[in-house]
Amino acid sequence: MKLLENKNVLIVGVANKHSIASGIAASMSEQGANLAITYQNERFKNKVETLAKKWGSDICLPCDVTRDDQINKVFSELKKNWEGVDCIVHAVGYAPSNELDGNFVDVTTREGFKIAHEISSYSFIALAKAGKETMKGRKGSLITLSYLGSQKTLPNYNIMGLAKASLEASVRFLAVSLGEDGHRVNAISAGPIKTLAASGVKNFRKMLSYNASRSPLLKNVSIEEVGNAATFLASDLASGITGETLYVDAGFNITAMGPLEEIK
Ligand code: NAD
Ligand code: 0WE
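Rules used in this analysis
Residues numbered from 1 in each chain as written. Chains lettered and ligands numbered in written order. Predicted model: local features only at pLDDT ≥ 70, side-chain atom pairs only at ≥ 80, totals over all residues. Heavy atoms only, no water. Near = heavy atom within 4 Å. Polar contact = N/O pair within 3.5 Å; in protein donor to acceptor, adjacent residues only side chain to side chain. Areas by Shrake-Rupley, 256 points an atom, 1.4 Å probe, with all protein chains shown as cover. Nonpolar A, V, L, I, M, F, W, Y, C, P; charged D, E, K, R; others polar. Helix = DSSP H or I, 4+ residues; strand = E, 2+ residues; numbered from the N terminus. Contact = heavy atoms within 4.5 Å. Pairing = 2+ DSSP bridges. Axes fitted to C-alpha atoms, helices over the stretch in contact; angles between N-to-C directions. Core = buried A, V, L, I, M, F, W, Y, C linked by side-chain atoms within 4.5 Å. Buried < 20%, exposed > 50% of the residue type's maximum accessible area, 1.4 Å probe, protein only. Arc of directions from axis to C-beta. Salt bridge = Lys/Arg side-chain N within 4 Å of Asp/Glu carboxyl O.

Account for the site of ligand 2, naming residues and giving values.
Around ligand 2 sit 14 residues, and of these A95, S97, Y157, A197 and M207 come closest. Taking A95, its main chain carries an N or O atom lying 2.7 Å from a nitrogen atom of ligand 2. Within the side chain of Y157, a nitrogen or oxygen atom sits 2.8 Å from an oxygen atom of ligand 2. Alone, ligand 2 offers 580 Å² of accessible surface; in the complex the protein occludes 87% of this. For the shell around ligand 2, the class distribution of residues is 12 nonpolar, two polar and no charged.

Put into structure tokens, the structure is as follows:
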């Protein structure tokens, strides 16, 4: 039997086929899930609709996560199609590009802080709030995407590190808040992957090779590997796991020095 047979999953964060959300959608659809996919705005509509069809989904809706009216509309549309929602995947992150290039104190602004935290952290709570009713009685799973920059510094990640720290804290508070309804809330902390969001980042290729050469598995992770971890967290196999941040990063986060560093 497939892991997600008869489960209804909402996926927020598909931009194109390279998105981590696309790796998650492919894995979940492979495991029998029914999917609904949202896109940020008209710019992404056609591409996302085509991808959704590929995953056997004909529920494709606009959702800018800064807009409560759009978030609520998504769940009212889902109620027309489904008896309820079993899983919400949040794969959304954004900070203005000027915040992600340079000395933290010099480039960080009040407005950039607000935007990064609203889109990258609050939006997960907003989805939980709006989706709570549709998950009632279904022991749901909520999954978000984080990054090691929430725990450790690295150049240029800057305000996104704070937003991801906030996101991971909200995973814990949401886990307690929704635990009384039997819902689980977890994050996947993925290693660096070349996606649309990453394409705007200076020297990203160098970061990929840095991580690969210093991780226990001596490689970068793929969206398929992150997708499979998300499928596990969404499945009943993970019924004992909530409030957790699961690293899918080839083990990079556990090292203090890379395995190939020579000690002389
Ligand atoms: P991506 O560009 O494919 O996905 C980011 C998504 O966020 C896009 O679909 C975009 O449309 C959406 N988005 C941005 N602002 C939005 C808004 N206002 N409303 C609705 N949607 C909005 O890039 P990705 O790397 O797949 O990013 C997905 C998640 O994974 C993000 O949370 C990111 O921080 C996280 N992550 C990425 C990496 C990496 O190296 N790529 C590593 C760890 C975690
Ligand atoms: O979470 C992310 C992506 C974050 C991100 C990237 C961009 C680039 C384009 C958020 N907002 C924007 N805004 C833009 O205008 N990652 C984990 C990937 C990532 O992004 C970095 C990284 C890594 C790794 C940015 C700087 C340094 C490292």
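Run through the environment of L218, naming residues and quoting values.
Inspection of the secondary structure puts L218 in the loop between helix 8 (204–214) and helix 9 (223–234). Along the primary structure L218 and V185 are separated by 33 residues, whereas in three dimensions their C-alpha atoms are 30 Å apart. When sequence neighbours within four positions are dropped, the list of residues in contact with L218 reads A212, S213, P259 and L260.

How would you summarise the sheet that holds strand 1 (residues 8–12) if you had to cite specific residues and measurements?
Across the sheet, which stays open at both edges, the seven strands sit in the order 3-2-1-4-5-6-7 with parallel pairing between neighbours. Strands with a single pairing partner mark the edges of an open sheet, and in this sheet they are strand 3 (59–62) and strand 7 (245–248). For this sheet, the mean angle separating the axes of adjacent strands, direction not counted, is 20°. Contacting strand 1, strand 2 (34–39), strand 4 (87–90), strand 5 (141–146) and strand 6 (184–190), helix 1 (residues 20–30) crosses the sheet at an angle of about 165° to strand 1. Across the sheet, helix 6 (residues 158–179) lies against strand 4, strand 5, strand 6 and strand 7, angled at about 170° from strand 5, the strand it touches most.

Please set out the nonpolar core residue by residue, giving values where relevant.
Judged by nonpolar contacts, the single largest core of 38 residues is most densely connected at I11, M28, L35, I37, I188 and V226. For this core, the elements supplying multiple residues, two or more each, are strand 1, helix 1, strand 2, helix 2 (42–54), strand 4, strand 5, strand 6 and helix 9. Element by element, the count of residues in this core is highest for helix 9, at six residues. Apart from residues no more than four positions distant in its own chain, I37 is found in contact with I11, V14, A25, V48, A52, W55, S57, I59, C60 and L61. By size, the runner-up hydrophobic cluster in this structure holds 30 residues, among which are I88, A126, L167 and L178.

Tell me what's going on with the site of ligand 1, and back it up with residues and numbers.
What surrounds ligand 1 is a group of 25 residues, the closest being S19, Q40, K164, I193 and T195. Contacts to ligand 1 include G13, whose backbone N or O atom sits 2.9 Å from an oxygen atom. The separation between a nitrogen atom of ligand 1 and a polar main-chain atom of V65 is 2.9 Å. Expressed as a share of its isolated accessible area of 810 Å², the protein-covered part of ligand 1 is 92%. Among the elements of the structure, strand 5 and helix 7 (196–199) are those that each provide at least two residues to the shell around ligand 1. When the residues that make up the shell around ligand 1 are grouped by side-chain class, the tally is 16 nonpolar, seven polar and two charged.

Describe the pairing of strand 3, listing the residues and the values that go with them.
By the bridge criterion, four bridges tie strand 2 to strand 3 in an arrangement that is parallel. The partner of A36 across the bridge, within strand 3, is I59.

I'd love a proper account of helix 8, names of residues and values included.
Those residues of helix 8 not exposed but buried are F204, L208, N211 and A212. Down the axis of helix 8, the buried side of the element spans an arc of 100°, and every buried residue falls inside it. Buried residues in helix 8 make contact with helix 7.

Talk me through unusual backbone geometry; I want residue IDs and the actual numbers.
Of note in the backbone geometry, N6 takes a positive phi value of approximately 65° without being a glycine. Looking at the element boundaries, N6 is found in the segment before strand 1. In this structure N6 comes out as exposed when scored by relative accessible area, which is 63%. Within the chain, N158 stands out as a residue other than glycine whose phi angle is a positive 45°. As for its placement among the helices and strands, N158 is situated in helix 6.

Could you give me a rundown of the pattern of salt bridges, with the residues and numbers involved?
In the structure shown here, the tally under the stated rule is nine salt bridges. Across the pair K7 and D236 runs a salt bridge, and its minimum N-O distance is 2.9 Å. Linking K7 in the segment before strand 1 with D236 in the loop between helix 9 and strand 7, this pair joins segments that are 229 residues apart in sequence. The exposure class of K7 is buried, given its relative accessible area of 14%. The residue K202 makes a salt bridge to D101 at a minimum N-O spacing of 3.1 Å. Within this pair, whereas K202 is found in the loop between helix 7 and helix 8, its partner D101 is found in the loop between strand 4 and helix 4 (104–107), the two being separated by 101 residues in sequence.

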